[in-house]
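Below are the chains, spelled out letter by letter.
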Amino acid sequence: MTVLVTGGAGYIGSHTVVELLNAGHETIIVDDLSNAKLDVIDRIETITGKRPAFYQFDAADKERLRDVFANHKIDAAIHFAAFKAVGESVRKPLQYYRNNIDSALTLLEVMEEFGCKKLVFSSSATVYGPNNPHPYKEEMPAIQSSSPYGWTKVMIERILTDYVTAHPDFCAILLRYFNPIGAHESGLLGDDPNGIPNNLMPYICRVAAGQLEKLTIFGGDYPTPDGTCQRDYLHVVDLAVGHLKALEYAENHNGVEAINLGTGNGISVLELVTAFEKANNIKLPYVIGPRRDGDLPAFWADAEKARNLLGWEASHSVKDMCRSSWLFAKGGTPESSFS
Ligand code: UD1
């Protein structure tokens, strides 16, 4: 297949492009590099021996997106391009709604113009909101979130569901990610956020590298076994393979399917810190601080549907996640904010 990947230079996008190229798919990246670096394209080529087509522009730019569809016979799209910082979205809601929803609508409109009927959408476990019991199952109401970022995922899921109702020959797969961490085994691709990281694993890596003094664990008094929050951390390469499986499924099906991508296991912040220390033989300075607004005590996936429908399950261990994250962080990228 020829696959358009919006946001293909980003953390999850780049790992997915590697899996697509390794599986023999022709791959076209559209990315404005607002939160990614150009040398990711070279790194993808180093890993796979193939260079994906790359266009640098915002996926909401309809004219340029049309040109890409006119120049390539695109069979399917994977839509990653979006702003994703939860805290920032609370401060800048209009930017988040405009950017995330505009690019999804534009992509859908252009896909319709060119008769492209297969879409895999990058959604999040955040759509389950604060009221569902875990493990989260796909049939639970997924209609509420706790931040503008999360609401854009809820809304785009709704838009795609309505679109499929109107166009039953279309296939939209809504992949609800849990907490992706880890990096490519080459150490060439990984999570390299600009500025001080918000997410746990990039923060841990900066502390391990001595660039930040210590980790603050947000809350030690949650109703969990060790008092710290529990999440379903999964390896980004497993997540990338999940996209490949979703694409294969979409090739032969119509309709809309929401599918969790998680391991089905919850582990705590403290357990992850300990696993990181052990896997990399590093002592990680940390303190237990106050809770962070909006954090839920614990959630993880029910991973049955992905297994049954896609034949997918996570295979990497927490140790793999910790080792590969550190391998990437130690290398960093030449112009990264590490310096
Ligand atoms: C968040 C979002 C999710 C989004 C994901 C990736 C919510 C409810 N969840 O997940 O939608 O897809 O980010 O961007 O908004 N922690 C610390 N210290 C730190 C950083 C984090 O203790 O310095 C803890 C948090 O309290 C949490 C866990 O680590 O318990 C994971 O946090 P994080 O990596 O930010 O992911 P989520 O908040 O689970």
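Quick note: structure is the one above.
In this report, the structure presented in the accompanying data block is examined. (Residues numbered from 1 in each chain as written. Predicted model: local features only at pLDDT ≥ 70, side-chain atom pairs only at ≥ 80, totals over all residues. Heavy atoms only, no water.)

Mapping Q95 onto the fold places it in helix α5 (residues 93-113). Taking the C-alpha atoms as reference, Q95 lies 8.7 Å from F83; in sequence the two are 12 residues apart. (Helix = DSSP H or I, 4+ residues; strand = E, 2+ residues; numbered from the N terminus.)

So, about the pattern of salt bridges. One pass over the structure, following the stated rule, counts 22 salt bridges. The partner of R51 in a salt bridge is D42, with the nearest N and O atoms 2.9 Å apart. Notably, a salt bridge pairs D295 with R292, separated by 3.1 Å at the nearest N-O pair. Among the charged side chains, a salt-bridge network with shared partners connects K37, D192 and R206. (Salt bridge = Lys/Arg side-chain N within 4 Å of Asp/Glu carboxyl O.)

What follows concerns unusual backbone geometry. Residue P135 is bonded to the preceding H134 through a cis peptide linkage, with omega at 0°. On the secondary structure map, P135 appears in the loop between β5 (118-124) and α6 (148-166). In the Ramachandran plot, L33 falls in the positive-phi region, its phi being about 60° despite a non-glycine side chain. In this structure, L33 sits in the loop between β2 (26-30) and α2 (39-48). Its relative accessible area of 17% is what places L33 among the buried residues. Here N281, not a glycine, exhibits a phi torsion of approximately 55°, which is positive. For N281, the position within the fold is in the loop between α9 (269-280) and β13 (286-289). Judged by its relative accessible area of 74%, N281 falls in the exposed class. (Buried < 20%, exposed > 50% of the residue type's maximum accessible area, 1.4 Å probe, protein only.)

Our next topic: the site of the ligand. The ligand sits among 20 residues. The nearest are L200, T216, F218, R231 and D295. Taking Y149, its side chain carries an N or O atom lying 3.1 Å from an oxygen atom of the ligand. For the ligand, an oxygen atom lies 2.8 Å from a polar atom in the backbone of F218. Burial of the ligand by the protein amounts to 90% of the accessible area it has alone, namely 740 Å². Breaking the shell around the ligand down by element, the ones donating at least two residues are α7 (200-208) and β8 (215-218). Residue contributions to the shell around the ligand peak at four residues, all from β8. In terms of residue class, the shell around the ligand is built from 10 nonpolar, six polar and four charged. (Near = heavy atom within 4 Å. Polar contact = N/O pair within 3.5 Å; in protein donor to acceptor, adjacent residues only side chain to side chain. Areas by Shrake-Rupley, 256 points an atom, 1.4 Å probe, with all protein chains shown as cover. Nonpolar A, V, L, I, M, F, W, Y, C, P; charged D, E, K, R; others polar.)

Tallied over the entire structure, the rule returns eight aromatic pairs. Taking 5.6 Å as the distance between ring centres and 35° as the angle between the ring planes, the aromatic pair formed by F69 and F114 counts as tilted. Here F69, found in helix α3 (residues 62-71), pairs with F114, found in the loop between α5 and β5; they are 45 residues apart in sequence, far enough to count as distant. A relative accessible area of 5% means that F69 is categorised as buried. By relative accessible area, which is 36% here, F114 ends up partly exposed. Grouped by ring-pair contacts, the aromatic residues Y128, Y136, F178 and F299 constitute a single cluster. Over the aromatic face of Y222 sits the side chain of R291, whose NZ or CZ is 4.0 Å from the ring centroid. (Phe/Tyr/Trp six-rings, centres within 6.5 Å; stacked < 30°, edge-to-face > 60°. Lys NZ or Arg CZ within 6 Å of the ring centre and 35° of its normal.)

Purely spatial values, then, with no claim about function.
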